[in-house]
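Fold and geometry: a report
Listed here are the chains, written in short residue letters.
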Amino acid sequence: MEPKSPKESRTVITDLVLPGETNPIGNMFGGELLARMDRAASIAARRHSRRIVVTASVNHVAFNKMIPSGSVVTVEAQVSRSFNSSMEVYMDVWIEDRENGMKSLSNEGIYTFVAVDETGNPVPVPAIIPDTKLEKERYAAALRRRQLSLVLAGKLKPADATELKALFAEN
């Protein structure tokens, strides 16, 4: 299976925030944003694996800025790292200023997807070869996040979490 660049999975979804998608003070519901992120991330994971994909976990979501009704919201997603059958997808969420059109980063998230066959069994996915500095940073951090998740789930002994141990080792 040929490795792929993160760019090959890049997915961009742009949409408008409508009044029915907002809370009483006129800002987008968090759950609405999570759903949009899940859709973008699933497309990115599918593009990378060319298989059916299922959401395995929402690893991290940062709601840094409120998104008001009427905003143009863009979710950019791409696979940051793949493992055996799983893929970490990193997303940046941008909002567009209504007056000047400038985009600003409002939120970010990291989801994990698993590629499956038609019966729901996990299947292998291609490796990732990061190109840019940011892709390389996200690629390296993905292994630490995965090891932490496995340690917390009791599936990996802390002593075997080599990338995590390296963060705390004295130089």
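Up top is the structure these notes are about.
First things first, this report covers the structure right here in the doc. (Residues numbered from 1 in each chain as written. Predicted model: local features only at pLDDT ≥ 70, side-chain atom pairs only at ≥ 80, totals over all residues. Heavy atoms only, no water.)

A separate point is the overall build of the chain. From N to C terminus, the chain includes three helices and five strands. N-terminal to C-terminal, the α/β element order of the chain is β-α-β-β-β-β-α-α. In terms of its C-alpha atoms, the chain occupies a principal-axis envelope of roughly 50 × 45 × 30 Å. Here the chain, with 171 residues, has 39% of them falling under the buried criterion. Contacts in the chain between residues far apart in sequence, at least 24 positions, make up 68% of those at least 6 positions apart. As displayed, the chain offers around 9700 Å² of accessible surface, 55% of which is attributable to carbon and sulfur atoms. Here the chain contributes 22 positive and 21 negative side-chain charges, whose respective centroids are spaced 4 Å apart. (Helix = DSSP H or I, 4+ residues; strand = E, 2+ residues; numbered from the N terminus. Buried < 20%, exposed > 50% of the residue type's maximum accessible area, 1.4 Å probe, protein only. Contact = heavy atoms within 4.5 Å. Areas by Shrake-Rupley, 256 points an atom, 1.4 Å probe, with all protein chains shown as cover. Lys, Arg positive; Asp, Glu negative; His and termini not counted. Charge placed at Lys NZ, Arg CZ, Asp CG, Glu CD.)

A few words on helix α2 (residues 133–152). Side chains of residues three or four places apart in an α-helix project in the same direction, reflecting 3.6 residues per turn. Over its 20 residues, α2 extends 29 Å from the first C-alpha to the last, a length consistent with the 28 Å expected when each residue adds 1.5 Å. Looking at α2, one finds that the buried residues are E135, R138, A141, A142, L143 and Q147. On its buried face, α2 is in contact with β3 (72–82), β4 (86–96) and α3 (162–168). G154 occupies a position one or two residues after α2 and carries a positive phi of about 75 degrees. (Expected span 1.5 Å × (residues − 1).)

This paragraph deals with the sheet that holds β4. If you trace the five strands from one edge of the open sheet to the other, you get β1-β3-β4-β5-β2, paired in antiparallel fashion. The sheet is open, and its two edges are formed by β1 (11–16) and β2 (52–63), each paired on a single side. Ignoring which end each strand starts from, the neighbouring axes of this sheet average 25 degrees apart. Pairing of β2 with strand β5 (residues 103–116), which is carried by ten bridges, proceeds in the antiparallel orientation. (Pairing = 2+ DSSP bridges. Axes fitted to C-alpha atoms, helices over the stretch in contact; angles between N-to-C directions.)

Note that every value here comes from positions in space, so none of it alone points to a role or purpose.
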